[in-house]
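Listed below are the residues making up each chain.
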Amino acid sequence: MPSEVPEGWSWARLGDQCQIEIGGTPKRKEPIYWDAQKTGANVWLSISDLGDQKVIEDSSEYISDAGVANSSVKLVEAGTVLMSFKLSIGRMAIAGRDLYTNEAIAAFSPDESAIDNDYLFYILPKAADTTTAFQAVKGKTLNKGKLNDLPVLLPPLPEQKKIAAILSSVDEAIQATQAVIEQTRRVKEGLLQDLLTRGIGHTRFKQTEIGEIPESW
C-alpha cells in the first residue's frame, strides 16, 4: 500500500466493510436441477457471463427451484456488485435483478455508510490486482479469506460518489463510441455491397447468377 494518501482518505480491510458471499453450482448430473428451457426466473451466472455489460440481467444458464434448494447457491439481490475471483480475476458486473452465481463469482454488499456501491464496483479490480493479492495467490486464484483481506482505499463518502460518477461517465462515453464504430462498420459493409454490385453512376443493369450488376460489367 502507498505510504501517502490524500488527507481524509484511509485504507481498510475489505471484509470489514463488506459482506462477501460466494455462489455455487448444482450437480450437473441432475437434470432436474437445471432449467434448460429458461421457463423459471433463476438466472445463474458463470464467469463467461461477466464482462460485456456493467449491469447484467440474464445469463446463458438458468437453474430450477430444485437446483436452488439442493446446492450452495445464495440469492444475490439486485444492485449487488459481482466479481470473478478464480482463474479470470476481476471481471465485473452489477446484478440487474435477483439472481444466483457459481462458486467463481463473489457478491459484495458494502456497508453503505462507508462505501458507495458504484465506487466499490470500480475499485475492486484494482484491489484484486494489488501486489499483495497476487503474491498471495501466485496469479492463479483468490479465495474468500483472501478477498476479505484485500486492502481498499476509502475517500470520504461524498468523494467516492464523485469518483464513481466520473468513471461512470467515461464508461458511457466508451459505450457511445463503440456504438458509433459499430454503426459505421455496418454502413461500410452496406456501401461495399452497393459499390461491388451497382458500381458508380450506372443506370443499366443485367441479371447474373450472383444477382444484378451493371450491364457493362
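Figured I'd write up the structure that's included with this text. (Residues numbered from 1 in each chain as written. Predicted model: local features only at pLDDT ≥ 70, side-chain atom pairs only at ≥ 80, totals over all residues. Heavy atoms only, no water.)

1. A closer look at the overall build of the protein chain
- Counting its secondary structure elements, the protein chain contains six helices and 12 strands.
- Projected onto its principal axes, the C-alpha coordinates of the protein chain cover approximately 75 × 55 × 30 Å.
- Counting only residues that meet the buried cut, the protein chain has 36% of its 217 residues in that class.
- Counting only contacts in the protein chain whose residues sit at least 6 apart along the sequence, the fraction spanning at least 24 positions is 64%.
- When the accessible surface of the protein chain is summed, it comes to about 13000 Å², and 53% of that surface belongs to carbon and sulfur atoms.
- Averaged over its 23 positive side-chain charges, the protein chain has a centre that lies 6 Å from the centre of its 30 negative ones. (Helix = DSSP H or I, 4+ residues; strand = E, 2+ residues; numbered from the N terminus. Buried < 20%, exposed > 50% of the residue type's maximum accessible area, 1.4 Å probe, protein only. Contact = heavy atoms within 4.5 Å. Areas by Shrake-Rupley, 256 points an atom, 1.4 Å probe, with all protein chains shown as cover. Lys, Arg positive; Asp, Glu negative; His and termini not counted. Charge placed at Lys NZ, Arg CZ, Asp CG, Glu CD.)

2. Things to note about the packing of aromatic side chains
- For the structure on display, the rule yields two aromatic pairs.
- Look at Trp34 and Trp44: their rings are 5.1 Å apart centre to centre, the planes differ by 90°, and that puts the pair in the edge-to-face class. Here Trp44 lies in strand β3 (residues 43–45) and Trp34 lies in the loop between β2 (18–22) and β3, a separation of 10 residues in the sequence.
- Residue Trp34 is classed as buried on the basis of its relative accessible area, which comes to 13%. (Phe/Tyr/Trp six-rings, centres within 6.5 Å; stacked < 30°, edge-to-face > 60°.)

3. Things to note about the sheet that holds β3
- Taking strand neighbours across the sheet as the criterion, the three strands line up as β5-β3-β8 in an open arrangement whose pairing is mixed. Edge positions in the open sheet fall to β5 (61–62) and β8 (100–101), since each of these has one partner strand only.
- Here two bridges tie β3 to β5, and the two strands are oriented antiparallel to one another. Counted as the bridge partner of Trp44 is Glu61 from β5. (Pairing = 2+ DSSP bridges.)

4. Observations regarding the sheet that holds strand β7 (residues 92–95)
- Spatially, five strands are ordered β2-β9-β6-β7-β4 in an open sheet, and the strand pairing comes out mixed. Across the chains shown, the open sheet's two edge strands, defined by having one partner strand only, are β2 and β4 (55–56).
- Pairing of strand β6 (residues 81–84) with β7, which is carried by three bridges, proceeds in the antiparallel orientation. When the bridges of β7 are listed, Met83 appears paired with Met92.

5. Quick look at the environment of Ile200
- With respect to the element layout, Ile200 can be found in the loop between α6 (157–198) and β11 (205–208).
- A sequence separation of 184 residues divides Ile200 from Asp16, and the C-alpha atoms of the two residues are 68 Å apart.

6. Quick notes on α6
- Relative to the 62 Å expected for 42 residues at 1.5 Å per residue, α6 spans 61 Å between its end C-alpha atoms, a close match to the ideal helical length.
- Within the span of α6, buried status applies to Gln160, Ala164, Ser168 and Thr197.
- Those residues of α6 that are buried lie in contact with α3 (117–128), β10 (151–154) and β12 (211–214).
- One or two steps after α6, the chain reaches Gly199, where phi turns positive at roughly 65°. (Expected span 1.5 Å × (residues − 1).)

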